[in-house]
Amino acid sequence: MTTYRFRFAHFLSALMLGLALVSTAACTSTSTRQSTGEYLDDSAITAKVKSAIFGDPELKVFQISVKTYNGTVQLSGFVDSESMVDRATEVAQEVSGTQAVKNDLQVKKQ
């Protein structure tokens, strides 16, 4: 009976260790996939940049799309002038956590 309990306890320990390793590996990042923490960080940066853009009197437009991946903010959409393109870059760079800004904004043809 004691041998059975020992084997069961050994099996259970090995199973728990295996589950811990698998769950830890699932949360790590790869070169093509973000970890859960990185995704949440990028989501927070995106929200802060959107809020900052909407709060800026010069940029109060809904035609700017913001996406973030590994701290790099990508801006896309349409604005009215070149100065708005530059200002959007400045605003995005000021947000904490932003590593780089890729600005793909286009000036609308009048």
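Each remark here, short or long, concerns the structure printed above.
Note that the structure is predicted; figures quoted are calculated from it, not measured.

About the cut-offs
- Residues numbered from 1 in each chain as written.
- Predicted model: local features only at pLDDT ≥ 70, side-chain atom pairs only at ≥ 80, totals over all residues.
- Heavy atoms only, no water.
- Helix = DSSP H or I, 4+ residues; strand = E, 2+ residues; numbered from the N terminus.
- Contact = heavy atoms within 4.5 Å.
- Pairing = 2+ DSSP bridges.
- Right-handed = clockwise from strand over helix to strand, strands pointing away.
- Axes fitted to C-alpha atoms, helices over the stretch in contact; angles between N-to-C directions.
- Core = buried A, V, L, I, M, F, W, Y, C linked by side-chain atoms within 4.5 Å.
- Buried < 20%, exposed > 50% of the residue type's maximum accessible area, 1.4 Å probe, protein only.
- Salt bridge = Lys/Arg side-chain N within 4 Å of Asp/Glu carboxyl O.
- Expected span 1.5 Å × (residues − 1).
- Arc of directions from axis to C-beta.

> Got a minute to help me understand the overall build of the chain in this structure?
Counting its regular elements, the chain contains three helices and three strands. When contacts within the chain are restricted to residue pairs at least 6 apart in sequence, those whose partners lie at least 24 apart make up 59%.

> Just to check I follow, could you spell out the pairing of strand β2 (residues 72-79) for this structure?
Regular strands place side chains that alternate from one sheet face to the opposite one. Sheet topology note: the strand β1 (residues 64-69)/β2 ladder contains six bridges and is antiparallel. Bridge assignment links T68 to a residue of β2, and that residue is V73. Linkage of β1 to β2, two consecutive antiparallel strands, is achieved through a turn of two residues, within which N70 is found at a positive phi near 50 degrees. Of the strand pairs in this sheet, β2 and strand β3 (residues 100-107) are connected by eight bridges, and their pairing is parallel. Note that in β3 the partner of F78 across the bridge is Q106. Taken together, β2, helix α3 (residues 82-94) and β3 constitute a β-α-β crossover, and its handedness is right-handed.

> Is there a simple way to think about the sheet that holds β1 in this case?
One key point about sheets: their strands pair by backbone hydrogen bonds, in either a parallel or an antiparallel sense. What the three strands build is an open sheet, ordered β1-β2-β3; its pairing is mixed. The open sheet has two edge strands, β1 and β3, and neither has a second partner. Here the average twist between neighbouring strands, direction ignored, is 10 degrees. Sitting on the sheet, α3 touches β1, β2 and β3, and the angle it makes with β3 is about 160 degrees.

> Looking at this structure, how should I read the nonpolar core?
What tends to happen in soluble globular proteins is that the nonpolar side chains get buried as a cluster. By size, the foremost hydrophobic cluster in this structure holds 16 residues, and its most contacted members are V49, I53, I64, V66, V73, L75 and L105. Every element with two or more residues in this core is listed here: α2 (36-55), β1, β2 and α3. Looking at this core element by element, the count peaks at five residues for α3.

> Mind showing me how you'd approach the pattern of salt bridges here?
One side chain can pair with another of opposite charge once the charged atoms of both are near each other. Scanning all chains against the criterion turns up three salt bridges. Its salt-bridge partner being R87, residue D56 comes within 2.6 Å of it at the nearest N-O pair. Residue D56 is found in the loop between α2 and β1, and its partner R87 is found in helix α3; the two are separated by 31 residues along the sequence. For K108, the salt bridge goes to D80, with nearest N and O atoms at 3.3 Å. Placement of the pair is K108 in the segment after β3 and D80 in the loop between β2 and α3, with a sequence separation of 28 residues. For K108, a relative accessible area of 32% translates into the label partly exposed. Judged by its relative accessible area of 39%, D80 is partly exposed.

> Honestly, α3 in this entry has me stumped. Any pointers?
Working note: α-helix, 3.6 residues per turn, so residues spaced by three or four point in the same direction. Between its terminal C-alpha atoms α3 stretches 19 Å, which fits the 18 Å expected from 13 residues at 1.5 Å a residue. Those residues of α3 not exposed but buried are M84, V85, A88, T89, V91 and A92. All buried residues of α3 fall inside an arc of 165 degrees around its axis, so they share one side. Seen from the open side of α3, the exposed residues pointing more than 90 degrees away from its buried face are E82, Q93 and E94.

On their own, these measurements won't tell you what the molecule is for.
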